[in-house]
Amino acid sequence: MKEQKGLAFNRLAALTDEPLLKLDTKKLMPLPYLDAEPPVKPPPESWLEKYDLSLDWHSPVGVPKPKTEQEKAELVRRFLSGLGKLFDPQNNWTFLKILRLTTDYCMRCQTCSEACHVFVASGHQEIYRPTYRSEILRRLYRQYFTPSGKLLKSLVGADIELNYKLVIRLMEVSYRCNVCRRCAQVCPVGIDNGLIAREIRKLFSQEMGIAPKELYAKGTRQHLKVGSSTGMSVGGFKEAIEFIEEDIGDRTGRKIKIPVDKKGADILLIHNAGEYLSWPENPGAFAVLFDAAGIDYTLSSEPVGYDGVNYGLFCDDVELARIGLRHVQIAKKLGVRKIVVGECGHATKTLCVITDRVFPGDLSISEIPRESCLPLFWEIVKSGVIKLDPSRNNFPTTLHDSCNIARLMGIVMPQRNVVKAICPQFREMTPNGARNYCCGGGSGFAIMNELNFPQWRKKVSERMKTKQILEAFRDCLDPSQPKYVIAACSNCKGAMRDLIGHYGLWDKYRITYGGLVELIVNAMADLPKPFIELEFISNE
Ligand code: SF4
Ligand code: SF4
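Since we're looking at a predicted model, the values are computed, not measured.

A. Up close: the side chain of S443. Along the chain, the position of S443 falls in the loop between helix 19 (413-422) and helix 20 (453-461). Here the side chain of S443 touches C177 through a polar contact of 3.4 Å, landing on its backbone oxygen. Only 3.1 Å separates the side chain of S443 from the side chain of R201, close enough to count as a polar contact. Look past the residues within four positions of S443 in its chain and what remains in contact with it is C177, N178, V179, R201, L215, F314 and M448.

In structure tokens, the structure reads:
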């Protein structure tokens, strides 16, 4: 690859604390229907003294500045050790083939760049270009691990300076990608730059113990130790279920007992445990719908079994396997026919696609089927077993597709069929379905709140989704009319809450968000009052 105009690859190794990029709202992609937005705030001096923020003055991790030459050398040594393992079949049998395809065959056509919402929304900043981090990884690998690279360096595209600054900046830039794989979708040779970002993160997590704490210490570690990445214990889960049963009574007048640990049920339903804390009406709506439709299901109260989250997906194969294994083992122990994953994109991808790659034999998907809840919703709606009244949802709606569900798994029509059946004022956002843009919270960004990373997320990665939502509702922006963005994914809902709050979309235009199952229950003709309230509760 030629040096990209405006930023040479070797600048990643610049021995300076000056950031390679300072975000400026004037240079970001313009947003329609908004007059002004909060400016980008620089980090406080105390952070600049303590942490290396020299990529773009933001960080979801906060790597402390190494103090001695020995510490700097150690960072480089461990990085090189991890890089070697990434390309070693014994150490990376899970993703090595795809990684090699991606490092070996890029044609440098840059078709992928315009598909990337981060690159475009940032105002085409070179360090966020999909191929940027991939090219650095490719050059480093060639230089240090191939005979031609060691000998011929620049002649074979293997000339890049490696020092501790490059190591830290490369880690940071791997967390400026949502791993949404929209770039891979348009690449003429199927190269997956999202996978490269994820593999770089894996190197740092598995080899160097560097990962955002929401994904590792307070993510997978807490999940395995306490039972849930939210920190919710088994007792907390049981209390949440009692609360939801009471809430269902208040909203519907129905007394519903939510089944927990029912042996031999048809379905083990696993929610993202974030729903119990932030959006308890979502598991509540599942309970109402499944009860009305006569679905034989159960939840699990086993540690890990009541939380479908698997943050290993975003940065660590070992942690991914540990959590995925527990999910599948719990289903086996309960003797259910299949696992159905609630409204959570990454949990669906992990259980239905990735763990099938990781677990062979009697833990594979052919032995323990796993599927998204969305086709089941459509089966229920289509069957006519529940009387639905679309006029109860007579307000403008649009649909955000989770990348993991729509793009990766190809589940596009079931949710649309449901929405078209129950929402008379539905309109698509553009583009949509498998070509939809990420919400900006993908690959864990929605929950990563260290230092000033939320500012970067709101300004850059959530920007394209903000634009899409405003454009979808452009004919009905009048604030007297509430509007609803459907997001059948817990992490996507986190991003919606974030961007709606930051850009003031509720205050200005009465735009709010929520899940899909709540809308189905809202349309149930025999409920005495609406199930949902069109309101917006900020997390700020
Ligand atoms: S995976 Fe998504 S965010 Fe990452 S480079 Fe590709 S398009 Fe951009
Ligand atoms: S579209 Fe594919 S081949 Fe072209 S630059 Fe991007 S990754 Fe490389």
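B. How the structure looks around the pairing of strand 3 (residues 338-341). What you see with strand 3 is no split at all: K338 and V340 on one side and I339 and V341 on the other are buried throughout. Pairing analysis gives 4 bridges linking strand 1 (residues 267-270) to strand 3, with the strands arranged parallel. Bridging across to strand 3, L268 finds its partner in I339. Read from strand 3 through helix 16 (residues 345-358) to strand 4 (residues 370-372), the crossover connection turns out right-handed.

C. Representation of the site of ligand 2. In the vicinity of ligand 2 lie 13 residues, with C106, C109, Q110, C112 and C187 positioned nearest. Across the shell around ligand 2, the residue classes break down as 8 nonpolar, 4 polar and 1 charged.

D. Structural context of the pattern of salt bridges. Applying the stated criterion to the full structure yields 41 salt bridges. When the shortest N-O distance is used, the salt bridge between K202 and E199 registers 3.0 Å. With K202 and E199 both in helix 9 (residues 193-208) and 3 residues apart, this pair spans about one turn of that helix. Here the two residues K202 and E199 agree in accessibility, since each one is buried. Between K467 and E471 there is a salt bridge; the shortest N-O distance is 3.6 Å. A residue pair is termed a helical-turn pair when its members lie 3 or 4 positions apart in one helix, as K467 and E471 do in helix 21 (residues 463-472) at 4 residues. Classification of E471 as partly exposed rests on a relative accessible area of 27%.

E. Looking closely at a nonpolar patch on the surface. On the surface, L101, Y105, M107 and V189 cluster together into a nonpolar patch covering about 370 Å² of accessible area. Within the element layout of this structure, Y105 appears in the loop between helix 3 (96-104) and helix 4 (117-121).

F. How the structure looks around a negative patch on the surface. Residues E239, E242, E246 and D250 make up a contiguous surface patch of negative charge. Relative to the helices and strands, E242 resides in helix 11 (residues 234-252). By relative accessible area, E242 is classed as partly exposed at 49%.

G. Spatial organisation of the sheet that holds strand 2 (residues 297-298). If you walk across this open sheet you meet the 4 strands as 2-1-3-4, and the pairing is parallel. The open sheet is flanked by strand 2 and strand 4, the only strands paired with a single partner. Across 2 bridges, strand 1 lies against strand 2 in parallel orientation. What sits directly across from L268, in strand 2, is T298. Contacts from helix 17 (residues 373-383) reach strand 1, strand 3 and strand 4 within the one sheet, and its direction differs from that of strand 4 by about 65 degrees.

H. Quick look at the UniProt feature "domain: Cysteine-rich" (unreviewed entry) in the chain. Those residues carrying the UniProt feature "domain: Cysteine-rich" (unreviewed entry) are residues 398-496 in this numbering. Secondary structure over residues 398-496 splits into 42% helix and 8% strand, and the C-alpha atoms at its two ends are 12 Å apart.

I. Fine view of the environment of M107. As for its position among the elements, M107 is in the loop between helix 3 and helix 4. Between the C-alpha atoms of M107 and P188, which are 81 residues apart in sequence, the distance is 8.9 Å. When near neighbours in sequence (up to four residues on either side) are disregarded, M107 contacts P188 and V189.

Thresholds, definitions, all that
- Residues numbered from 1 in each chain as written.
- Chains lettered and ligands numbered in written order.
- Predicted model: local features only at pLDDT ≥ 70, side-chain atom pairs only at ≥ 80, totals over all residues.
- Heavy atoms only, no water.
- Helix = DSSP H or I, 4+ residues; strand = E, 2+ residues; numbered from the N terminus.
- Polar contact = N/O pair within 3.5 Å; in protein donor to acceptor, adjacent residues only side chain to side chain.
- Contact = heavy atoms within 4.5 Å.
- Buried < 20%, exposed > 50% of the residue type's maximum accessible area, 1.4 Å probe, protein only.
- Pairing = 2+ DSSP bridges.
- Right-handed = clockwise from strand over helix to strand, strands pointing away.
- Near = heavy atom within 4 Å.
- Nonpolar A, V, L, I, M, F, W, Y, C, P; charged D, E, K, R; others polar.
- Salt bridge = Lys/Arg side-chain N within 4 Å of Asp/Glu carboxyl O.
- Patch = residues over 30% accessible without salt bridge, like charges linked within 9 Å, V, L, I, M, F, W, Y side chains within 5 Å.
- Areas by Shrake-Rupley, 256 points an atom, 1.4 Å probe, with all protein chains shown as cover.
- Lys, Arg positive; Asp, Glu negative; His and termini not counted.
- Charge placed at Lys NZ, Arg CZ, Asp CG, Glu CD.
- Axes fitted to C-alpha atoms, helices over the stretch in contact; angles between N-to-C directions.
- UniProt positions renumbered as here; feature names shortened; annotations may be inferred.

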